[in-house]
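# Reading the structure
Spelled out, the chains give:
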Amino acid sequence: MHISEGVLSGFVLASGAIFAIAGVAFGLKKTSYEKIPEVAVLTSAFFIASLIHIPIGPASIHLVLNGIAGILLGWSVFPAILVGLSLQALFFQFGGFTTLGVNTFNMAFPAIISFLVFKTMAKYHKKNILVIAGFICGMLGIAGGTFLVAVSLLTTGEAFLPVAKILIISHLPVMIIEGVITAMVIGFLQKVSPELLPGREV
Amino acid sequence: MRITKCFFGLVMFIIFYSCNIFAHKVNIFAYIEGSKVYTESYFNDGRPSISSKVKVFGHKTGKLLCSGNTDKNGKFSFDIPRIVGLRIVLTAGLGHMGEYFLSEDEIKGVVGANKLLNNSIDENIKIKKTQPTRKNPKQIDNQQLEILLKQIVKKEVAPVKRKIFRIEKKMEKTSIREILGGLGYILGLMGVAIYFKYKNR
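Residues numbered from 1 in each chain as written. Chains lettered and ligands numbered in written order. Predicted model: local features only at pLDDT ≥ 70, side-chain atom pairs only at ≥ 80, totals over all residues.

### Some details on the overall build of chain B
In terms of regular secondary structure, chain B is built from 4 helices and 7 strands. Listing the helices and strands of chain B from first to last along the sequence gives α-β-β-β-β-β-β-β-α-α-α. Partitioning the intrachain contacts of chain B with sequence separation of at least 6 by distance along the chain shows that 55% fall at a separation of at least 24. (Helix = DSSP H or I, 4+ residues; strand = E, 2+ residues; numbered from the N terminus. Contact = placed C-beta atoms within 7 Å.)

Next comes the structure, spelled out in structure tokens:
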């Protein structure tokens, strides 16, 4: 879901950059000393996830892992995704440097929503609630991302509804796969170190 | 810390799993043959980019010279519209875009050579028609020699051209070096972040 260089108008690029800068600044402020290694590990996972191509459906798609990154990092997900996307642009030529702001916002904002939804759901102490929340939030990350990409492409003259439809349909497999991955990771974390999960801090 | 180890394990697994798997950047390559420009487009994973829009712009003027759609093999060809540098832009939809530049010199070179070749062939036919019998058939004049040489060179160079094209295509693929380089950057940035946060504590 990286938007390439030269596709978007200056207005969209600028507003994306402003939102991204605000998010990154807030995220950096919120990142505590102890959290930095976790941020780095999830940045690595995000960086590499884009290489895992899923050969299902009509479009060329790959894992994003923004949902799980959002759940575990909270607001620190903004700097993590900015670094991940910069390195992807530098090394893999995905996206580009002018679209960095828009792409960062498009991926990180749904991650924040995943984080908030997960935190809210985690407050209910029911059986398996965390795993279910993980599945939903993993899917939310991708769904929100596709929605924002479709909104960004609105200005290029591509009609919103058909584009959004293609994006959502082509990303359905990724949504489900990421939901499952996120649920599995959350289930695992719940057993070994539940203090990492938001809403369950000690 | 245990969890960090697990994640690193996962990351390492993904690296080795993903060595041959590529994501979704879209590429376009172009080469000139005769009076036509041939383009090929494909995604990073090697799949052709089917029925995507290709637009050809003048490099300096930015004027749209011609456009069309790729076929089911991701190919599209067009006649050289003008002897100027060409910027060939591929839009694969959903925010994917690729570009390729053909320089003026490259086009000039090929077109010039072709013109020379065609002219001399024409002239040669004329000469042959007017002079059906030659005194010494083994004697070859300079012009004929040039044509012959050009034809031979063209034939010999064709596989090299194809090979260069293949190498160009291969170079676009992600290698393990780039992946590890990126991870190295992340580790370095982590160090920088820890340094500053530690100082502020």
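### Thoughts on the overall build of chain A
When helices and strands are counted, chain A shows 7 helices and 2 strands. Considered along the principal axes of its C-alpha atoms, chain A spans approximately 50 × 35 × 25 Å. Burial status across chain A gives 54% buried among its 202 residues. Of all intrachain contacts in chain A linking residues separated by at least 6 positions in sequence, the fraction that spans at least 24 positions is 77%. (Buried ≥ 20, exposed ≤ 12 C-beta atoms within 10 Å, placed from the backbone.)

### Re the sheet that holds strand β1 (residues 26-33) of chain B
Residues and elements named next belong to chain B. Spatial strand order, β1-β2-β5: 3 strands in an open sheet with antiparallel pairing. Each of the sheet's edge strands pairs with one partner strand only, and the pair in question is β1 and β5 (75-79). Geometrically, the sheet is characterised by an average inter-axis angle of 20 degrees between neighbouring strands, direction not taken into account. For β1 and strand β2 (residues 36-43), the ladder comprises 8 bridges, and the chain directions are antiparallel. Following the sheet pairing, V26 is matched in β2 by F43. (Pairing = 2+ DSSP bridges. Axes fitted to C-alpha atoms, helices over the stretch in contact; angles between N-to-C directions.)

### Brief notes about the confidence of the model for chain B
Residues and elements named next belong to chain B. When the pLDDT values of chain B are averaged, the result is 75; 71% of them are 70 or greater. pLDDT under 50 marks residues 16-23. Its contacts with residues more than four places away, or in other chains, come to 20 contacts. Quick note on the complex model: pTM equals 0.70, ipTM equals 0.80. (pLDDT = per-residue confidence, 0-100.)

### Digging into the packing of helix α6 (residues 129-154) of chain A against helix α7 (residues 160-192) of chain A
Residue and element names in this part refer to chain A. Put simply, α6 and α7 touch, their axes get as near as 6 Å, and they point 155 degrees apart. When the interaxial angle is binned, α6 and α7 end up roughly antiparallel. Like other packed secondary-structure pairs, α6 and α7 cross with a definite hand, here right-handed. Here the residues of the contact of α6 with α7 are counted per class, giving 24 nonpolar, 9 polar and 1 charged. (Parallel < 35°, antiparallel > 145°, perpendicular 65-115°, else oblique. Left-handed = near helix turned anticlockwise from the far one by under 90°. Nonpolar A, V, L, I, M, F, W, Y, C, P; charged D, E, K, R; others polar.)

### Notes on the nonpolar core
Residues and elements named next belong to chain A. Counting residues in each nonpolar core, the largest one holds 87 residues, and the members touching the most others are L42, F46, A69, V77, A80, I81 and A108. Residue contributions to this core peak at 12 residues, all from α6. With near-sequence residues (within four places) excluded, I81 lies in contact with F46, N66, T104, M107 and A108. (Core = buried A, V, L, I, M, F, W, Y, C linked by C-beta atoms within 7 Å.)

### Observations regarding unusual backbone geometry
All names here are of chain A. If you check the backbone angles, L65 has positive phi at about 65 degrees while not being a glycine. Tracing the sequence through the fold places L65 in the loop between β2 (61-62) and α3 (66-73). Even without a glycine there, the phi angle at Q93 is positive, about 55 degrees. Structurally, Q93 is set in the loop between α4 (77-92) and α5 (100-122).

### Examining the packing of helix α1 (residues 10-30) of chain A against α4 of chain A
Residue and element names in this part refer to chain A. At their nearest, the axes of α1 and α4 sit 7 Å apart, and the two run at 120 degrees to each other. Here α4 runs oblique to α1, going by the angle between their axes. From α1, A20, G23, V24, G27 and L28 reach across to α4, where they touch V77, F78, P79 and L82. Of the residues belonging to the contact of α1 with α4, the class tally is 7 nonpolar, 2 polar and no charged.

### Focus on helix α4 (residues 176-200) of chain B
Along its 25 residues, α4 of chain B runs 36 Å from first to last C-alpha, staying within 8% of the 36 Å computed at 1.5 Å per residue. Within α4 of chain B the residues assigned to the buried category are I179, G182, L183, I186 and A193 of chain B. (Expected span 1.5 Å × (residues − 1).)

### A word on the pairing of β2 of chain B
When you tally the buried positions in β2 of chain B, you get 6 out of 8 residues, the bulk of the element. From the end of β1 of chain B to the start of β2 of chain B, which pair antiparallel, there are 2 residues, and G34 of chain B there has a positive phi angle of about 65 degrees.

### Section: the environment of L86 of chain B
All names here are of chain B. Tracing the backbone shows L86 in strand β6 (residues 86-93). Along the chain, L86 and H96 lie 10 residues apart, while their C-alpha atoms are 20 Å from each other. Those residues in contact with L86 that sit more than four places away from it in its chain are V56, H59 and L102.

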